[in-house]
Amino acid sequence: MSAETMNAGSTEPFPPAPKSFWLRYVFSTDHKVIGLQYLFTGLFFFLAAGFLAMLVRWQLAYPWKPVPVVGKLLFPDSQGAMTPEGYLGIMTMHGSFMLLFFIIPTLVGAFGNYLVPLQIGARDMALPRLNMTSYWLLMLAGLLMLASLFVPGGPCMCGWTVYPPLSAAPDAVPSRIGNILWVVSVFLLGWSSILGGLNFVVTIATMRAPGMGYFRMPLTCWSFLLVSIILILATPVIASALVLLLSDQAGLTNIFLPAGLVISDKPLGRSGGGQPLLFQHLFWFYSHPVVYLMVLPGLAMVMDILSVFARKPTFGYRSSVVSLAAVIAIGFVVWGHHMYVSGLNPALGTAFSIVTALIGVPSGVLVFNMLATVWRGSIRLTASMLAAMAVVVIFVTGGLSGLFNAMAAIDVYVHDTYWVVAHFHYVVGGASVFSVFAGLYFWYPKMFGRRLNEFWGRIHVVLSFLAFNAVFFTMHILGIGGHMRRIADPSSYDFLKPYQGGHLFITMAAFALGAVQLIFVVNFLAGLIWGKPAEQNPWNATTLEWATTSPPPHHNYDRLPVVHRWPYEYSPPQWNGRDCVPQHEASASGVPAAP
Amino acid sequence: MDWLFTLMTWVTLPLLAAVVIILLYCIVRYRQRDGHKAAYITGFRTPWGLTVLCGLFLLMELPFDFYQEKIWADARKHRPAKGEAFVVQVFPEQFAWNFRYPGPDGKFGTPDDVASINELHVPVGRPVLTVMRSKDVVHSFFLPHLRVKQDVLPGRTTRAWFEATKTGEFEVGCAELCGLGHYRMRGYLTIEEPKKVVAWLESQRVYGIDESKWGYWTGGTDD
Ligand SMILES: [Cu+2]
Ligand SMILES: [Cu+2]
């Protein structure tokens, strides 16, 4: 008997689900429950961040005009009108919620936790209690961030980049307590990320079902393995930087504070000796790779979904794996492209421009493989497929605009303008959000055992895509006009006056984008109650998560599956014209083994 | 810089259009219908396919890298010579731009210096060099019409330079979030004939140098 088949169909005992409600649904160690906890936490912050974005958009279209409906409640001291404090706090929280508490927990936490054990044919993560710990660290971090909205001085107002001295010197902004809470919260989030990343690596290394070689894992699974490298290697850097920042905030050190600071004509009275630029280096050493942490799992999910709904193997599977790895590897040495105008040595600007352009090569291969996958397929335009195709277009748009700001010479002009705002809302925002849509429309039946309404799903995806482009494509034009970001009132500059109409248009489109999400919320919630029960494998997909019931039982599989082939056996030439052959189905004799 | 931007736009927009068109074509041409079966294609047949693809992407990018390096070098590496440039010290604070000019003797830190707040006057047709330090937090010195942007940090000197070819009145912006008044941290840039600049500087002399501001300048006097 070969090692591959030794555990074939193992039914080894697995501890049953705990009986008590608290242990089963709250302090659970089941990766599926934890995945859903991440999902609901992430979606909560998504909606909250979206609401904050609407406030920002109102202010930009109608500066200092009372905010309708919620204005009186939020800004009682100014008759319902936005204040500069309010604007900066809301803008910072929008960014922090979206990046740190929606995209990371949803794409990596929710989909990663839910899918990795199921896709490799395991009963749970390798370290279930560590898994629970990382979720509750995230929860704690999220609660701290929410609490910071209500402390005196307001939430952090330094932008999600929290550059010192603004974030470190007392009284540079009113949000002294908020800044501290932000730092502590993100530090806890960092721990959650590191533990989560370790768990993915250990799980994938040790728990793969018999026959599941590394090159038989779906790309989705590969992406979680690869981004775990970012979680493990880059997160400790930001965590240390935040500890140093905290100690500067507390007045214990001056690591990022130079001597001779004078804040509103009062000398700070610190001995100084530190360097603000040092923080920017540490921050971007984490925050550039983390962009890939946010976008690569989404792209990999999209590649899998394109393959399922084109009924065609993913094109260039191994080249996609290598490209994902290459993007991450190069991604560790490009952080300086955020700092071309920061006072960096110009020779470094040249170097960072070149390595950043190099990322275009593996990214280009990924996009080519996506297009080649749908080419000559047999395309089912489900809501999930539409969202996946939206991701392709959005990622390409953001990637191409990224070629501009990658070049130091062009970045001098577009840096910190709406060009960059547009760019990262495509490449991080849109690509991730539409990946989440694609993933949810695809795996919702597996997660909840019920179907979403396909018709309304398609409407939601198409309308969202149109509104999204109306909002963010227009922002490129503002950026070309030199419109700075993080400006509470564009009308305070004469050269920005011509763009007020653009702001009005963007705001209207943004309200539409926000309103369309209600379709999604209603569909999601209604599906939980009234959705049609889902079969085991509603999309005729080949991977292992579809080899068990929807939703899977506590122990995932009654018998652990044995893997016989790669995950993309769609429309195979052999097998008598069968549409697809699942990974766990044994080969009939006489049929040659697939890769 | 502008022509590089335009060139890039004309290269990237067709690429984006191509992706959209390919997807739409696939949706129409390869939609699910009776008797139509997807092709079983797992990748390039030879490793050459991938090599050529990567090579194409590289070849597309490299020329731009060379062009951009030339512009970048002019903007950041080739600092104008001391005697040749019109030098201004820039000392921003929350939320104003303080400028100091060396006066007729061409030296800073001498009694004939002239200072101004939020008003920058520079000569046309001569390189201008700004020597910058921040008094408090990070700001960013932004001259949108001249395509100049450089962060200004406390505890570290940064420089920017440019040569204006046209006279006129323009704006100075702050491009790095620096606090509550970031949105209104606006200055005025006047580019005029060298004689007019001298005359304007003399007219500003009456206001003197505000030591409660410039007393904190830590950048030294000769850089
Ligand atoms: Cu980056
Ligand atoms: Cu400023």
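Residues numbered from 1 in each chain as written. Chains lettered and ligands numbered in written order. Predicted model: local features only at pLDDT ≥ 70, side-chain atom pairs only at ≥ 80, totals over all residues. Heavy atoms only, no water.

**Focus on the packing of helix α9 (residues 276-310) of chain A against helix α10 (residues 317-331) of chain A**
Residues and elements named next belong to chain A.
Step number 1: Where α9 meets α10, the closest approach of the two axes is 10 Å, and the angle between their N-to-C directions is 170°. What the angle tells us is that α9 and α10 run roughly antiparallel. Taken together, the residues of α10 that come into contact with α9 (itself represented by H288, P289, Y292, L296 and M303) are S320, L324, V327, I328 and G331.
Step number 2: Classifying every residue of the contact of α9 with α10 by side-chain character gives seven nonpolar, three polar and no charged. (Axes fitted to C-alpha atoms, helices over the stretch in contact; angles between N-to-C directions. Helix = DSSP H or I, 4+ residues; strand = E, 2+ residues; numbered from the N terminus. Parallel < 35°, antiparallel > 145°, perpendicular 65-115°, else oblique. Contact = heavy atoms within 4.5 Å. Nonpolar A, V, L, I, M, F, W, Y, C, P; charged D, E, K, R; others polar.)

**Re the pairing of strand β9 (residues 168-174) of chain B**
For a regular strand, the rule is simple: side chains alternate between the two faces of the sheet.
All names here are of chain B.
Step number 1: Summarising the sheet, strand β6 (residues 139-143) and β9 pair through two bridges and their orientation is antiparallel. Residue pairing for β9: F141 is matched across the bridge by C174.
Step number 2: Summarising the sheet, β9 and strand β10 (residues 187-192) pair through five bridges and their orientation is antiparallel. Across the sheet, the residue bridging to E169 is T190, located in β10. (Pairing = 2+ DSSP bridges.)

**With respect to the environment of Y499 of chain A**
Step number 1: Structurally, Y499 of chain A is set in the loop between α15 (454-480) and α16 (500-530).
Step number 2: Sequence separation of Y499 of chain A and M475 of chain A is 24 residues, and the distance between their C-alpha atoms is 10.0 Å.

**Quick notes on the confidence of the model for chain A**
Step number 1: On average, chain A scores 93 in pLDDT, and the residues at 70 or more come to 96%.
Step number 2: When the criterion is pLDDT under 50, residues 1-8 of chain A qualifies, and its contacts beyond four places in sequence or with other chains add up to six contacts. (pLDDT = per-residue confidence, 0-100.)

**Considering the pairing of strand β5 (residues 127-132) of chain B**
Residues and elements named next belong to chain B.
Step number 1: Burial analysis of β5 places six of its six residues in the buried class, the great majority of the element.
Step number 2: Here β5 shows two buried faces, one formed by P127, L129 and V131 and the other by V128, T130 and M132.
Step number 3: Sheet topology places β5 next to strand β8 (residues 158-163); six bridges connect them, and they run antiparallel. Across the sheet, the residue bridging to L129 is W161, located in β8. (Buried < 20%, exposed > 50% of the residue type's maximum accessible area, 1.4 Å probe, protein only.)

**Things to note about the environment of F505 of chain A**
Residue and element names in this part refer to chain A.
Step number 1: With respect to the helices and strands, the residue F505 is situated in helix α16.
Step number 2: By relative accessible area, F505 is classed as partly exposed at 44%.
Step number 3: Expressed as a C-alpha distance, the spacing of F505 and Y214, which sit 291 residues apart in the sequence, is 49 Å.

**What to know about the nonpolar core**
Step number 1: Ranked by size, the top nonpolar core spans 253 residues in total, and within it F111 and W182 of chain A together with F141 of chain B carry the most contacts.
Step number 2: Discounting chain neighbours no more than four positions away, the residues touching W182 of chain A are M93, S96, L100, M145, C156, W160, V162 and L242 of chain A.
Step number 3: Grouped together as the second largest cluster of nonpolar side chains are six residues, A85, F108, V131 and W161 of chain B included. (Core = buried A, V, L, I, M, F, W, Y, C linked by side-chain atoms within 4.5 Å.)

**What about a nonpolar patch on the surface?**
Residues and elements named next belong to chain B.
Step number 1: A surface patch of nonpolar side chains, about 530 Å² in accessible area, is lined by W3, L7, V11, L15, M60 and Y67.
Step number 2: If you list the elements that add at least two residues to the nonpolar patch, you get α1 (2-29) and α2 (47-76).
Step number 3: Ranked by residue count, the leading element in the nonpolar patch is α1, at four residues.
Step number 4: Here W3 lies in helix α1. (Patch = residues over 30% accessible without salt bridge, like charges linked within 9 Å, V, L, I, M, F, W, Y side chains within 5 Å. Areas by Shrake-Rupley, 256 points an atom, 1.4 Å probe, with all protein chains shown as cover. Salt bridge = Lys/Arg side-chain N within 4 Å of Asp/Glu carboxyl O.)

**Structural notes on the sheet that holds β10 of chain B**
Residues and elements named next belong to chain B.
Step number 1: Taken together, the five strands give an open sheet; going across it, the order is β4-β10-β9-β6-β7, and neighbouring strands pair in mixed fashion. If you trace the sheet from one side to the other, it starts and ends with β4 (119-123) and β7 (148-152), each paired once. Within this sheet the neighbouring strands show an average axis-to-axis angle of 25°, counted without direction.
Step number 2: Packing against the sheet, helix α3 (residues 194-204) makes contact with β4 and β10, and its axis sits at approximately 145° to β4.

**Structural notes on unusual backbone geometry**
All names here are of chain A.
Step number 1: A cis amide bond links P164 with the next residue in sequence, P165, at an omega value of 0°.
Step number 2: Relative to the elements of secondary structure, P165 occurs in the loop between α6 (128-147) and α7 (176-206).
Step number 3: Here the bond from S550 into P551 is cis, since omega is -10°, no more than 30 degrees from zero.
Step number 4: Locating P551 in the fold gives a position in the segment after α16.
Step number 5: Positive phi outside glycine occurs at S264, with the angle close to 35°.

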